[in-house]
Amino acid sequence: MPLSLSASTTAAVATNAAAAAARRSLFFHHRCTHGVRQDRVFVSFVPSRASSVARGVIRGMADVETQKAASPSLSTGNKQALISLSDKRGLAFLGNGLQGLGYSIISTGGTASALEEAGISVTKVEEITHFPEMLDGRVKTLHPSIHGGILARRDYSTHMEALSSHGIGTFDIVVVNLYPFYEKVTATNGVAFEDGIENIDIGGPTLIRAAAKNHTDVLVVVDHEDYPAVLEFLQGKQDDHDFRRKLAWKAFQHVASYDSAVSEWLWKQTADGDKLPPSFTVPLSLKSTLRYGENPHQKAAFYDDKSISLVNAGGIATAIQHHGKEMSYNNYLDADAAWNCVSEFKSPTCVIVKHTNPCGVASRQDVLEAYRLAVKADPVSAFGGIVAFNTTVDEELAKEIREFRSPTDGSTRMFYEIVVAPKYTEKGLEILRGKSKTLRILEAKKSEKGMLSLRQVGGGWLAQDSDDLTPEDIKFNVMSERVPLEAELNDAEFAWLCVKHVKSNAIVIAKNNCMLGMGSGQPNRVESLRIAFRKAGEEAKGAALASDAFFPFAWNDAVEEACQNGIGVIAEPGGSIRDADAVDCCNKYGVSLVFTNVRHFRH
């Protein structure tokens, strides 16, 4: 809903209807970007000169001779606003609006200059404090004449008497945002430590916290998108305590997010910065409210993680949605699983995921063939799943996705919830959009390695390094008498990389860079193995089998059953007290056995 506002005194507050709409949108901007609806107001600011009435001379607090008497705001009822901004978007609109409503404006250096350039009368802070900015701007507003006027409770006679005795006036509105610390320390060219320190705001958070604490008497504003709703509120004849409380909440949240960025950055600068910190805060920002959660009776929302470590780190959270229905809670989980899996492979690869488990994986130089093989691995599960590619989706591939028939009957077109890839050609995107109105088309950037993984449990959180190991990072140690052929070892490496992304207990059977079958999530490893063989069928003979963890038993158990089904090579971590039984069993059946010494549990 675009809203055009002119920053003149006669139109300082827009129309009641438009302003009311702006106010309704104040706190819950559903930032569903990249083609998804945005419930927010876009304001076009057109600065103009304020009238001579609006630019009338500010009296009172700056007059030294009247300090011994009651402050002007106390004696005359003069309404005052304190404005100090780093981000000056909408400043002229706000300044004109406030003066049109009879507010005098007190401001700091750069903000005061910007207001004056817009033709808005302003009193500089040093005229109130009678103390100049000092220490290269580190001290500006940290003064009793400022904070006394913000923190004094109007319903406490002792507070008002104290202000009067010191000639301090009250502030009714405090509008502040902070030094761009986050932008500075996340700049692509980096930032010197000293420069980062100088961009830590001190006076701003103090002003915000003071005003938010005393929100019953002082309106605190930290977001330029709230200016229209604030001006509309100030026109009202009745106070709205809920509105004030929401602004105060937003203010404290603003400062909390800011402090979390400073804390995270400083921890990274310490000698122990690579380790898990003793405590930390995760700053989350609402991106969209979801239709429901994992199930329809559960409310849900999606939040962006604004941690410094995740800037430019890629992943599904930052994906661009080009087409389709809005993402659901389960869509995000499945898309994340598919994208993380396909991003592991270097060759052109297709991964199909259902309920966070890869049910089809194939790598080929011809990505069309990879797609067909991934579907073939388990076409029943693939139907209604998420299909992911690590290569560009061009016209030819898009046509294949649109037209491909299920191998189960040769006639039913494959249906997918989501297609995700690093890039699309213009024609490829056009063709995919034609497949279905609901098909979600995501363009994602590969997730960076070395991220911290968080998971919630009742009353706490688990934190761990992300599982970034690939076959190139480990050694496949031959334990059996039979040494695997090079092609078999390649199959084992492929299966091992696939099984990493399957829920435990996990078994994957693969051959020629193609998943043939997998078993996931079973309480015992034998059942997962049997499911994998049932899916792989006769193609399992001579293939590679990978297990996410060691086999606790070999004889009359999973290892012997795998050997009897004609598997060619088994890859497992090892570490069982019965590893020797696994070796003996493989030797008996002439099967190669390799230990990776790396477990891949996934719960």
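Residues numbered from 1 in each chain as written. Predicted model: local features only at pLDDT ≥ 70, side-chain atom pairs only at ≥ 80, totals over all residues. Heavy atoms only, no water.

- The name that an unreviewed UniProt entry assigns to the chain is MGS-like domain-containing protein, with the source organism given as Canna indica.
- On record in UniProt, under Sequence similarities (unreviewed entry), the comment for the chain is "Belongs to the PurH family." (UniProt positions renumbered as here; feature names shortened; annotations may be inferred.)

### Focus on unusual backbone geometry
Now for step 1: Cis geometry marks the peptide bond from S504 to N505, where omega comes out at -10 degrees.
Now for step 2: As for its placement among the helices and strands, N505 is situated in the loop between α18 (486-499) and β21 (507-510).
Now for step 3: Even without being a glycine, T356 presents a positive backbone phi close to 70 degrees.
Now for step 4: Positionally, T356 belongs in the loop between β13 (349-354) and β14 (357-363). (Helix = DSSP H or I, 4+ residues; strand = E, 2+ residues; numbered from the N terminus.)

### Regarding the packing of helix α6 (residues 144-151) against helix α10 (residues 203-213)
Now for step 1: Packing of α6 against α10 leaves a shortest axis separation of 8 Å and a crossing angle of 25 degrees. Between α6 and α10, the interaxial angle falls into the category roughly parallel. Note on element contacts: α10 touches α6 through T206, L207, A210, A211 and K213, opposite I146, H147, I150 and L151.
Now for step 2: Classifying every residue of the contact of α6 with α10 gives six nonpolar, two polar and one charged. (Axes fitted to C-alpha atoms, helices over the stretch in contact; angles between N-to-C directions. Parallel < 35°, antiparallel > 145°, perpendicular 65-115°, else oblique. Contact = heavy atoms within 4.5 Å. Nonpolar A, V, L, I, M, F, W, Y, C, P; charged D, E, K, R; others polar.)

### Remarks on the pattern of salt bridges
Now for step 1: The full count for this structure, using the stated rule, is 20 salt bridges.
Now for step 2: Between E395 and K399 there is a salt bridge, and its shortest N-O distance comes to 3.3 Å. Remark: K399 and E395 occur in helix α16 (residues 395-403); sequence separation between them is four residues, near one turn of the helix.
Now for step 3: Accessibility expressed as a relative area gives 32% for E395, which makes it partly exposed. (Salt bridge = Lys/Arg side-chain N within 4 Å of Asp/Glu carboxyl O. Buried < 20%, exposed > 50% of the residue type's maximum accessible area, 1.4 Å probe, protein only.)

### A few points about the sheet that holds β14
Now for step 1: As summarised here, the arrangement of the six strands in space is β12-β17-β16-β15-β13-β14, forming an open sheet in which the pairing is mixed. Looking at strand neighbours, the two that pair on one side only are β12 (320-323) and β14, the edges of this open sheet. Pairwise comparison of adjacent strand axes, ignoring direction, gives a mean angle of 20 degrees for this sheet.
Now for step 2: Sheet analysis places strand β16 (residues 416-421) next to strand β17 (residues 440-443), joined by four bridges and oriented parallel. Bridged to I418 within β17 is R440. (Pairing = 2+ DSSP bridges.)

### Quick word on the side chain of K250
Now for step 1: As for its placement among the helices and strands, K250 is situated in helix α12 (residues 241-268).
Now for step 2: By relative accessible area, which is 12% here, K250 ends up buried.

### Observations concerning the sheet that holds strand β22 (residues 515-519)
Now for step 1: The six strands lie next to each other as β20-β25-β24-β23-β21-β22, forming an open sheet whose pairing is mixed. Strands at the two margins of the open sheet, each flanked by one partner only, are β20 (477-478) and β22.
Now for step 2: Direction of pairing for strand β23 (residues 544-547) relative to strand β24 (residues 569-572): parallel, over a ladder of three bridges. The residue bridging L545 from the neighbouring strand is I570, located in β24.
Now for step 3: Packed on one face of the sheet, α18 meets β21, β22, β23 and β24 and runs near 35 degrees to β23.

### Quick look at helix α19 (residues 525-536)
Now for step 1: Over its 12 residues, α19 runs 17 Å from end to end, which matches the ideal 16 Å to within 8%, given 1.5 Å per residue.
Now for step 2: Capping the start of α19 is the job of one residue whose side-chain oxygen sits 3.1 Å from the backbone nitrogen of V526: N524. (Expected span 1.5 Å × (residues − 1). Polar contact = N/O pair within 3.5 Å; in protein donor to acceptor, adjacent residues only side chain to side chain.)

### Points about α12
Now for step 1: The end-to-end C-alpha distance of α12 is 41 Å, a good match for the 40 Å that 28 residues give at a rise of 1.5 Å each.
Now for step 2: For α12, the side-chain oxygen to backbone nitrogen distance between the N-cap and D242 is 3.1 Å, and the N-cap itself is D240.

### Quick notes on the packing of aromatic side chains
Now for step 1: The final tally for this structure, using the stated rule, is 11 aromatic pairs.
Now for step 2: Where F181 meets W265, the ring centres are 5.5 Å apart and the plane angle is 85 degrees; that geometry is what we call edge-to-face. Separated by 84 residues along the polypeptide, F181 in helix α8 (residues 181-185) and W265 in helix α12 bring together distant segments of the chain.
Now for step 3: Note on F181: relative accessible area 1%, which makes it buried.
Now for step 4: Residues Y371 and F404 carry aromatic rings whose centres are separated by 5.4 Å and whose planes lie at 65 degrees to one another, so their mutual orientation is edge-to-face. Of this pair, Y371 sits in helix α14 (residues 367-377) while F404 sits in the loop between α16 and β16, and the two are 33 residues apart along the sequence. You'll find Y371 and F404 in the same group, each marked buried.
Now for step 5: An aromatic cluster of at least three residues, connected via ring pairs, comprises F181, F193, Y258 and W265. (Phe/Tyr/Trp six-rings, centres within 6.5 Å; stacked < 30°, edge-to-face > 60°.)

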